[in-house]
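Examining the three-dimensional arrangement
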Amino acid sequence: MVSSAAERKAVDVREEFGVREGGAGDDEDHGLFGPGSVTWQVMGEPVLIVGGIRALLLQALHPRTMWGTAQNSELMNPDAAWARLGRTVEFVRVRTYGTHAEVERVGRRVRKLHSKLTGLDLRTGETFPVDDPENLLWVHMGEVDSYLDVARRAGVPLTSADADAFVDEQRRAAAVVGLDPADVPGSVAEMKDYYEEMRRRIFACREAREGLKRMFSPAVPQHLMPLKLAAPGVAMLVVSTLPRWARRMYGLPGLPTSDLAATLALKGLYRTTHAVPERFRYSPDARRARRLTREHEADPATWTMAS
């Protein structure tokens, strides 16, 4: 069963952010974010694919997070890893663009699954719950830092206030997996402090290093075989976007020149994607979000944000 604490947190967050279950006669439900949010401005950009993969490498540096995942899934099975990645992408999609009811449905499923799982700490022999708040927070912050860092370096137009707003908005996403938003960093400065504290407690375990190696030659379905050819180049870019301290934990050079090269590559990728017509550049969800945002900007009085 889902832990009662996690469910109470979910209920509290629904009340705090004005979450409705939706239904006939309600105003259109835009979910956790909606028009005017920085999240909708950022998350639809194709360059954020790099951020998503970067997040996986950053998350893997917490040994218990990595062990808990590897011991309870088929992550280490190359034949099943692609399907697992697809489920993760779908979760992020629903969490970003789904209605409140859809977000709550996937969140409840994830919380229920995590509440049943335990992992074995290979250093101490201790058993730990996969939904330990430290693990959940580490995974959450890996996403937030990666999406924001890649977006800003690629040239997505964001002010410092926008960056803080993005981190703050993502506390709603943290609540979906059972975290208390009050315990989650809500600004870029708080996020920086969080990483400064966590760096003393993490390292690249064997499973994390194996995952890094597989990025350069991933197992992909037959119909996506061309992606295998692009994998080494994509992997090099993703690795280069990691913080220097993270690259060093993986045994890779953490040089300023790599940071500069990665930033230039991200800017080039962002500009290239923007040469593509919007109807091809964005997913259906992202196109809808951009349309609603334009309408919101034209007549903001017609919208009510759940914030």
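Model, not experiment: these values are computed from the prediction.

**Considering the overall build of the protein**
Within the protein, the regular secondary structure consists of 15 helices and two strands. Looking at the 307 residues of the protein, the share that counts as buried comes to 46%. For the protein, long-range pairs separated by at least 24 residues make up 71% of all intrachain contacts whose partners lie at least 6 apart in sequence.

**Topic: helix α15 (residues 284–298)**
Its 15 residues give α15 an end-to-end C-alpha distance of 21 Å, which sits within 8% of 21 Å, the value for a rise of 1.5 Å per residue. Those residues of α15 that fall on the buried side of the exposure criterion are A286, A289, L292, T293 and H296. Across the axial projection of α15, the buried residues extend over an arc of 125 degrees, all falling on one side. Away from the buried face of α15 by more than 90 degrees, exposed residues P284 and A298 are located.

**Considering the packing of aromatic side chains**
Within this structure, the stated rule accounts for six aromatic pairs. Seen from their ring centres, Y195 and W245 are 6.0 Å apart, and the 40 degrees between their planes marks the pair as tilted. With a gap of 50 residues between them, Y195 in helix α9 (residues 188–198) and W245 in helix α12 (residues 244–249) connect regions that are remote in the sequence. The exposure classification of Y195 matches that of W245, with both residues buried. Of the aromatic side chains, those joined through ring pairs into one cluster are W138, Y194, Y195 and W245.

**Description of the nonpolar core**
Ranked by internal contacts, the top residues of the largest apolar core, which has 69 residues, are L57, L61, W138, F166, Y195, W245 and Y250. A total of 10 residues in this core trace back to one element, the largest contributor, which is helix α7 (residues 133–154). Contact partners of Y250, with chain neighbours within four places excluded, come to L57, A60, L61, A204, A208, R209, L212 and L242.

**A few points about the packing of α7 against helix α8 (residues 160–176)**
Between α7 and α8, whose axes approach to 10 Å, the crossing angle comes to 150 degrees. Judged by the angle between their axes, α7 and α8 are roughly antiparallel. Where α7 crosses over α8, the handedness of that crossing is right-handed. Residues H140, V144, Y147, L148 and R152 of α7 form the contact with α8, whose own contacting residues are S160, A163, F166, V167, Q170, A173 and A174. Here the residues of the contact of α7 with α8 sort into eight nonpolar, three polar and one charged.

**As for a nonpolar patch on the surface**
A cluster of nonpolar side chains, L56, W82, L85, V89 and L227, forms an exposed patch at the surface whose accessible area comes to about 410 Å². At three residues, the largest contribution of residues to the nonpolar patch is made by helix α5 (residues 78–97). Within the secondary structure layout, L56 lies in helix α3 (residues 48–59).

**Considerations on the confidence of the model for the protein**
When pLDDT is averaged along the protein, the result is 88, and 86% of the positions lie at 70 or above. Low pLDDT (under 50) marks residues 10–26, which in the prediction has 19 contacts with non-local residues, meaning those over four places away or in another chain.

**A short note on α7**
Helix length check: α7 (22 residues) gives 31 Å between terminal C-alpha atoms against 32 Å at 1.5 Å per residue, within 8%. With 17 of its 22 residues buried, α7 lies for the most part within the structure. The opening residue of α7, the one whose side-chain oxygen lies 2.9 Å from the backbone nitrogen of E134, is D132. Two residues or fewer past α7, G155 is found with a positive phi of approximately 110 degrees.

**Considering the side chain of S146**
Tracing the chain through its elements places S146 in helix α7. On the basis of relative accessible area, S146 is assigned to the buried category, the value being 0%. When residues no more than four places from it in sequence are discounted, the contact partners of S146 are G51, R54, A55 and L58.

**Focus on the environment of A151**
Topologically, A151 is positioned in helix α7. Taking the C-alpha atoms as reference points, A151 and V50, separated by 101 residues in sequence, lie 9.5 Å from one another. Filtering out sequence-adjacent residues up to four positions away, A151 remains in contact with V42, L48, V156 and L158.

**What about the packing of α8 against α9?**
Their axes nearest at 8 Å, the elements α8 and α9 cross at an angle of 65 degrees. Along its contact with α8, which presents A163, D164 and V167, the element α9 presents V188, A189 and M191. Residues belonging to the contact of α8 with α9 are distributed by class as follows: five nonpolar, no polar and one charged.

Reading the values: rules and limits
- Residues numbered from 1 in each chain as written.
- Predicted model: local features only at pLDDT ≥ 70, side-chain atom pairs only at ≥ 80, totals over all residues.
- Heavy atoms only, no water.
- Helix = DSSP H or I, 4+ residues; strand = E, 2+ residues; numbered from the N terminus.
- Buried < 20%, exposed > 50% of the residue type's maximum accessible area, 1.4 Å probe, protein only.
- Contact = heavy atoms within 4.5 Å.
- Expected span 1.5 Å × (residues − 1).
- Arc of directions from axis to C-beta.
- Phe/Tyr/Trp six-rings, centres within 6.5 Å; stacked < 30°, edge-to-face > 60°.
- Core = buried A, V, L, I, M, F, W, Y, C linked by side-chain atoms within 4.5 Å.
- Axes fitted to C-alpha atoms, helices over the stretch in contact; angles between N-to-C directions.
- Parallel < 35°, antiparallel > 145°, perpendicular 65-115°, else oblique.
- Left-handed = near helix turned anticlockwise from the far one by under 90°.
- Nonpolar A, V, L, I, M, F, W, Y, C, P; charged D, E, K, R; others polar.
- Patch = residues over 30% accessible without salt bridge, like charges linked within 9 Å, V, L, I, M, F, W, Y side chains within 5 Å.
- Areas by Shrake-Rupley, 256 points an atom, 1.4 Å probe, with all protein chains shown as cover.
- Salt bridge = Lys/Arg side-chain N within 4 Å of Asp/Glu carboxyl O.
- pLDDT = per-residue confidence, 0-100.
- Polar contact = N/O pair within 3.5 Å; in protein donor to acceptor, adjacent residues only side chain to side chain.

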